[in-house]
Every structure is written in structure tokens, then in C-alpha cells.
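Coordinates in review
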Amino acid sequence: MTSEEIINTTIDFVKEQLKDAEGGHDWFHIERVYNNALLISENEKVDTFVVSLGALLHDIADSKFYNGDETVGPKIAHEFLLKLNVDSTIINHVINIIKHISFKGGNEVQTFHSIELDVIQDADRLDAIGAIGTARCFNYGGFKNRPLYDPNIKPNLCMSKEEYKGSTAPSINHFYEKLLLLKDKMNTKTGTEMALKRHAFMESYLKQFYSEWIGKL
């Protein structure tokens, strides 16, 4: 198979795998990350084949929906790519991207590095902020039956990975525990520039949210 055929086959596979996924982690999330990763790649020296596969497979089995099991996604991706006879070096690179892309509370030291990971991580983080990121935040909060906001529950900025994964805090807290932090955690110049506008939207949104919460005109 050619690289193009492998990418098209991967797209079909991901669409099928995620056809019943939660709205913030469905095929359309993957498509946005894929498109943004390719856009960022235009200004970086990357292997676009690795970027394409990594972006398409990065959330093939998000651990949030598998009782926190972080091995499911890499396993599914590995078996799928093996069937397509993808080179083992590329498979290992893609698997490492899947294993290391997540935020996980933002306090863990990342042990794997590549420019391809940087690009996909930026693309994934861009989809977590701005108008779509805000919608995804509340969609997932509704999916988990979390309150919108509780003034008595303060954001926790010092969570361990386990605490972060097990959090049941209100959706608004997620802005402070993750979303508003992402602007300063971008890896690439293009990603950073794209993040600024989305970050500004979230700040404006929160200001409006609090005004409406207390009944201001």
C-alpha cells in the first residue's frame, strides 16, 4: 500500500471505531486535530506520514472511556498498523505519540520527544480551547453528569495524574485546571499563534459566565 492508501484506510478505520463516541472525542475531533496538525506541519520539518497517522490514531481509545486504562489505545493502533505492514520504526513512533500526547494533569515530566509529537500535541490542545474547546468541556461534563459550576469547589492546580484522571469537579474548574494553561504549553510557533485567539475567547466567555451567574445585566 502507498502512504496515501494507508492514510485513507486509517481514516475509514477511525470513523468506524468512533462512530458511537462521546461528542467531544468522536471522528470530528480527530478530523480537526488531523487538519490542524497538517497546517502546523507546513512550518515545521516533520515526517508528515507520521504526523498523519499519529493525529488520526491519537484518540482511538481514550483512556477516559476505558476505566483509565492507557494501554488500550496503543494496543489497538499497533495491531491495526501491523496489519497494514507499516514499517516498524514508524509504528513505534506513532505508538509513542499516542502514549505521550495527553495532558495528564500537566505536572508529569514527558519522557518521549519528537517534533511530530510536538505538532500533534499542539493540534490536540488547540481543539481543547476556544469556542470548540468550551463546547467540548461542557459536553463531556454533561456526559459525566458534572455540575456546571459550584463556587464552593475551588480549582485544584496541583493534582497528580491519578487525581486529575479521577476528578469529578464542576466543568468550570476544568478551565483553570487545564484549558487556560494550554496557551503557555504549546510547542510550536504556529500552534502558539493559533492558541492566543482561542485563549482570549475563553477569558471573554468566563467573564460573561460569571456576570450571568450573579445576575448582572
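Okay, so let's go over this structure. (Residues numbered from 1 in each chain as written. Predicted model: local features only at pLDDT ≥ 70, side-chain atom pairs only at ≥ 80, totals over all residues. Heavy atoms only, no water.)

Let us now look at the overall build of the protein. Along the backbone of the protein there are 10 helices and 0 strands. Going from N to C terminus, the protein has its helices and strands arranged as α-α-α-α-α-α-α-α-α-α. Considered along the principal axes of its C-alpha atoms, the protein spans approximately 60 × 35 × 30 Å. Within the span of the protein, comprising 217 residues, buried residues form 49% of the whole. (Helix = DSSP H or I, 4+ residues; strand = E, 2+ residues; numbered from the N terminus. Buried < 20%, exposed > 50% of the residue type's maximum accessible area, 1.4 Å probe, protein only.)

What follows deals with the packing of aromatic side chains. Overall, the coordinates contain 11 aromatic pairs when judged by the stated rule. Between Tyr 149 and Phe 209, the ring centres sit 5.8 Å apart and the planes meet at 85 degrees, which makes this aromatic pair edge-to-face. Residue Tyr 149 is found in the loop between helix H7 (130–143) and helix H8 (161–166), and its partner Phe 209 is found in helix H10 (residues 189–213); the two are separated by 60 residues along the sequence. Of the two residues, Tyr 149 and Phe 209, both sit in the buried class. Between Phe 209 and Trp 213, the ring centres sit 5.7 Å apart and the planes meet at 20 degrees, which makes this aromatic pair stacked. Pair noted here: Phe 209 and Trp 213 are both in helix H10, with a separation of 4 residues, about one helical turn. Taking the relative accessible area as the measure of exposure, Trp 213 reaches 42% and is therefore partly exposed. Taken together, the aromatic side chains of Phe 138, Tyr 149, Phe 175, Tyr 205, Phe 209, Tyr 210 and Trp 213 make up a single cluster linked through ring pairs. Over the face of the ring belonging to Tyr 140 we find Lys 64, whose NZ or CZ atom lies 5.9 Å from the ring centre. (Phe/Tyr/Trp six-rings, centres within 6.5 Å; stacked < 30°, edge-to-face > 60°. Lys NZ or Arg CZ within 6 Å of the ring centre and 35° of its normal.)

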